[in-house]
Amino acid sequence: MTEPKYRRVVLKLSGEALLGKQTHGISTDALRRITTEIEKAYHVGAQLAIVIGGGNIWRGGSDEAASINRVTADNMGMLATIINSLALQDALEKRGIPTRVQSAIEVTKLAEPYIPRRAARHLEKKRVVIFAGGIGSPYFTTDTTAALRSIEIGAQVLLKATKVDGVYTDDPKKNSKAKKYSTLDFNEAISKRLKIMDTSAFTLCMDNKIAVLVFDLNVPGNIARAVRGEKVGTLIK
Ligand code: UDP
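A brief look at the structure comes next.

Definitions and cut-offs
Along each chain, numbering runs from 1 in the same order as the chain's sequence is written. Only residues with pLDDT of at least 70 are given local features in this predicted model, and only at 80 or more are side-chain atom pairs given and counted; all residues enter the totals for whole chains, interfaces and linings. Hydrogens and water are ignored here; the side-chain numbers use all heavy atoms of the structure. One side-chain nitrogen of Lys or Arg within 4 Å of one carboxyl oxygen of Asp or Glu is enough to make a salt bridge. Counting from the N terminus, the helices are the DSSP runs of H or I reaching at least four residues and the strands are the DSSP runs of E reaching at least two. Buried means the residue's accessible area, taken with a 1.4 Å probe over protein chains only, is under 20% of the maximum for its type, while exposed means over 50%, and partly exposed covers the values in between. Note on pairing: two strands pair once DSSP finds at least 2 bridges between them. In what follows, a contact means two residues having at least one pair of non-hydrogen atoms within 4.5 Å. Lines fitted to C-alpha atoms define the axes here, with helix axes fitted over just the stretch in contact, and angles between the N-to-C directions of these axes take values from 0 to 180 degrees. Note on aromatic contacts: the rings of Phe and Tyr and the six-membered ring of Trp form a pair at centre separations within 6.5 Å, being stacked when their planes are under 30 degrees apart, edge-to-face when over 60 apart, and tilted otherwise. The criterion is that NZ of a Lys, or CZ of an Arg, lies within 6 Å of the ring centre and within 35 degrees of the ring normal, and then a charge sits over that ring. Along the arc lie the directions from the helix axis toward the C-beta atoms. These descriptions rest on fixed angle ranges, namely under 35 degrees for roughly parallel, over 145 for roughly antiparallel, 65 to 115 for roughly perpendicular, and the rest for oblique. Two helices crossing with the near one rotated counterclockwise from the far one by less than a right angle form a left-handed crossing, whereas a clockwise rotation gives a right-handed crossing. Gly counts as polar in this scheme, as do all residues outside two lists: the nonpolar Ala, Val, Leu, Ile, Met, Phe, Trp, Tyr, Cys and Pro, and the charged Asp, Glu, Lys and Arg.

Quick look at the pattern of salt bridges now. Tallied over the entire structure, the rule returns 17 salt bridges. In this structure, Asp143 engages Lys12 in a salt bridge whose closest nitrogen and oxygen atoms are separated by 2.8 Å. Taken together, the residues Asp143 in helix H4 (residues 142–153) and Lys12 in strand E1 (residues 8–13) connect sequence positions 131 residues apart. Pair check on accessibility: Asp143 and Lys12 agree, each one buried. Glu230 serves as the salt-bridge partner of Arg228, at 3.0 Å between the closest nitrogen and oxygen. Overall, Arg228 belongs to the partly exposed group, its relative accessible area being 25%.

Right under this line is the structure:
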């Protein structure tokens, strides 16, 4: 077995990853597929924390949410991330992987409160820690949550699993000549106006020297490859 390149990583999954063929909610098929991928990555041996979004259930700033007060809509979005986190916890534990969900919004019957030092202890004991409830404040995203948690727990890299296999010079769907970067500088990404994460998340990673690896979640084995430090996606550092 190849050793992990990183000692501690944060994996960011968007809520969409749980959609499968559905338009809303959690597809048990998609959940099973993702769990298989996480299981492979877990056995690489790095300490693994996960942030999962809530967009498959509810997204605060969306058109769908426009008639609801923004703060309320964002609070609903953060609750959606707790639902997804509990689903992921259940699926991982069924495979024998020990987990803890820590939530930024207190729901003590369902999850531990977010306590960074306790999270670190869980990680040292090889438990997967799932950070739920976003950062606990409206007007933020789960990308920002993943960036902030990476800094707080001292992760070496934020693994951003997406639908695309990296960052391109242009939109590859519109421009057939678009080229994929294998590595990228934070400053270069800014000067070329490449959209990788929302600005708050991006700035947090840049200012605190957290590398970001953008890669395709839909290629089997990719999360494990990312943890091993193999060449996948685009590494921004
Ligand atoms: N959210 C929030 N604060 C946070 C994280 C999330 O208000 O710190 C809300 C926000 O409404 C967001 C929703 O939760 O739209 C779901 O998160 P996100 O859109 O990041 O999920 P993803 O797109 O990754 O599925």
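For Lys126, which is not a glycine, the phi torsion comes out positive at approximately 65 degrees. Inspection of the secondary structure assignment puts Lys126 in the loop between helix H3 (116–124) and strand E5 (128–132). Residue classification places Lys126 among the partly exposed residues on the basis of a relative accessible area of 35%. One non-glycine residue, Tyr139, lies in positive phi territory at about 70 degrees. Within the secondary structure, Tyr139 is located in the loop between E5 and H4.

On to the sheet that holds E1. Taken in spatial order, the 9 strands make up an open sheet running E4-E3-E5-E2-E1-E6-E8-E9-E7, and their pairing is mixed. In this open sheet, the two strands that pair with only one neighbour each are strand E4 (112–113) and strand E7 (183–184). Seen against the sheet, helix H2 (residues 70–94) touches E1, strand E2 (47–52), strand E3 (99–103) and E5 and runs at an angle of roughly 165 degrees to E5. Packing against the sheet, H4 makes contact with E1, E2, E5 and strand E6 (157–162), and its axis sits at approximately 175 degrees to E1.

As a further point, take the packing of aromatic side chains. Inspection of the entire model under this criterion finds 2 aromatic pairs. Relative to Phe131, the ring of Tyr114 has its centre 5.4 Å away and its plane inclined at 90 degrees; by these criteria the two rings are edge-to-face. Here Tyr114, found in the loop between E4 and H3, pairs with Phe131, found in strand E5; they are 17 residues apart in sequence, far enough to count as distant. No difference in accessibility class separates Tyr114 from Phe131, as the two residues are buried. Each ring, one from Phe186 and one from Phe202, has its centre 5.2 Å from the other, and the planes form 70 degrees; the classification is edge-to-face. A residue pair is termed long-range when its members are at least 10 positions apart, and Phe186 in helix H5 (residues 186–191) and Phe202 in helix H6 (residues 199–207) qualify at 16 residues. No difference in accessibility class separates Phe186 from Phe202, as the two residues are buried. Arg149 extends its terminal NZ or CZ atom over the ring of Tyr114, reaching a point 3.6 Å from the ring centre. Over the face of the ring belonging to Phe131 we find Arg149, whose NZ or CZ atom lies 5.8 Å from the ring centre.

Moving on, we get to H3. Among all positions in H3, only Ala119, Ala120, His122 and Leu123 are buried. Seen from one end, H3 has its buried residues packed into an arc of 160 degrees, which puts them on one side. Each element contacted by the buried residues of H3 is listed here: E1, E2, E3, E4, E5 and H4. Looking one or two residues beyond H3, the residue adopting positive phi is Lys126, at roughly 65 degrees.

With that settled, the discussion passes to the packing of helix H1 (residues 28–42) against H2. Each pair of packed helices can be summarised by the angle the axes make with each other and by the distance between the axes. Running from amino to carboxyl end, H1 crosses H2 at an angle of 60 degrees, the nearest separation of the two axes being 10 Å. By the angle between their axes, H1 is oblique relative to H2. Crossing angle aside, the handedness with which H1 passes H2 is right-handed. Facing Leu31, Ile34, Thr35 and Ile38 of H1, the residues of H2 in contact are Ala87, Leu88, Ala91 and Leu92. Class assignment for the residues of the contact of H1 with H2 results in 7 nonpolar, 1 polar and no charged.

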